[in-house]
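Working through the structure, step by step
The residues making up each chain are set out below.
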Amino acid sequence: MENLSSVEWPPEPIVTERLVLRVSETRDRAAFVELLASPEVHTYLGGPRPRDEVERELPGVPERWPGSFVVELDGAMIGQVLLRRATGHRRPAAAGKADLGYLFLPRAWGFGYAFEACSAALGWLDGELPGEPVVLATQSANVASMRLAAKLGFTEVERFEAWGAEQWLGMRSPATPGGVLPQ
Ligand SMILES: CC(C)(COP(=O)(O)OP(=O)(O)OC[C@H]1O[C@@H](n2cnc3c(N)ncnc32)[C@H](O)[C@@H]1OP(=O)(O)O)[C@@H](O)C(=O)NCCC(=O)NCCS
């Protein structure tokens, strides 16, 4: 994976009905530690990193790179939305495409925040890179993530085995002007 290149970065904060998407700041560090060291968050992501290791190695301003959005609710970080370039992806259908990822703190699950934030990030990407398809890979056992992918308009490309589990690869076709699908 590589950072998104050829986008204007950092963008102005993206304001949605309930959330703000923005670049990371020093004040997000504690929330990032929580996110990266949480066993619940990493149930389907190969397990969490040891908390003391995260504490030690995380930079003062964590995860500040083009395509990494901190999601903020009422002034505090609740999650991260990541848009990257899937260079070297093990599945040819995904290689080189924009790739969506999302991680939210467990206390922020079940309110539609991930959907609201990912929709906004994808809308931003549509503006920056018109016509760009987006891929998403998730374990098929990750029911919440599978539901979110479907709501965001991702459809199945294929399933494959990796990291000891079945993975689901989905793709979202670019938005068409006026939302009308070509015939
Ligand atoms: C994947 C993940 C982001 C999904 O979070 P989520 O909160 O379930 O997702 P959504 O934002 O779509 O919210 C959907 C839920 O909010 C509920 N909801 C409540 N108010 C809502 C509102 N105003 N609008 C929409 N949904 C609302 C929905 O009913 C739904 O609940 P349900 O799952 O019980 O049916 C979260 O589980 C997570 O961070 N997991 C760990 C990281 C991970 O596995 N990431 C995948 C790697 S790609």
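Residues numbered from 1 in each chain as written. Predicted model: local features only at pLDDT ≥ 70, side-chain atom pairs only at ≥ 80, totals over all residues.

Under the annotation held in an unreviewed UniProt entry, the protein chain carries the name GNAT family N-acetyltransferase and is attributed to Streptomyces sp. 900105755.

The element strand E6 (residues 98-104) is largely enclosed, with a buried count of 5 among its 7 residues. Two elements, strand E5 (residues 76-85) and E6, share 7 bridges in a ladder whose sense is antiparallel. Bridged to glutamine 80 within E6 is leucine 103. Bridge analysis of E6 against strand E7 (residues 134-139) gives 2 bridges, and the strand direction is parallel. If you follow alanine 98 over to E7, its bridge partner there is valine 134. Where the polypeptide runs from E6 across helix H3 (residues 113-128) and back to E7, its parallel neighbour, the crossover connection is right-handed. (Buried ≥ 20, exposed ≤ 12 C-beta atoms within 10 Å, placed from the backbone. Helix = DSSP H or I, 4+ residues; strand = E, 2+ residues; numbered from the N terminus. Pairing = 2+ DSSP bridges. Right-handed = clockwise from strand over helix to strand, strands pointing away.)

In the vicinity of the ligand there are 20 residues, among which Phe104, Gly112, Ala114, Phe115 and Ala144 approach most closely. Residue assignment for the shell around the ligand shows that the elements contributing at least two residues are E6, H3 and helix H4 (143-151). (Near = placed C-beta within 6 Å.)

Before going further, it helps to spend a moment on the environment of glycine 127. Structurally, glycine 127 is set in helix H3. Under the C-beta neighbour-count criterion, glycine 127 is labelled exposed, with 12 such atoms within 10 Å. Glycine 127 sits 43 residues away from arginine 84 along the chain, and the two C-alpha atoms are 16 Å apart.

If you check which residues of H4 are buried, you get Ser145, Leu148 and Ala149. Seen along its axis, H4 keeps its buried residues to an arc of 100°; they face one direction. Along H4, exposed side chains directed more than 90 degrees from the buried face belong to Val143, Arg147 and Ala150. On its buried face, H4 is in contact with H3, E7 and strand E9 (165-172). With its phi angle positive at about 95°, glycine 153 sits one or two positions after the end of H4. (Arc of directions from axis to C-beta. Contact = placed C-beta atoms within 7 Å.)

Below, the discussion takes up the environment of alanine 93. The residue alanine 93 is located in the loop between E5 and E6 in this model. On a C-alpha basis, the gap between alanine 93 and phenylalanine 69 in space is 25 Å, while along the polypeptide they are 24 residues apart. Ignoring anything within four residues of it in the chain, the contact list for alanine 93 reads Val157, Glu158 and Leu169.

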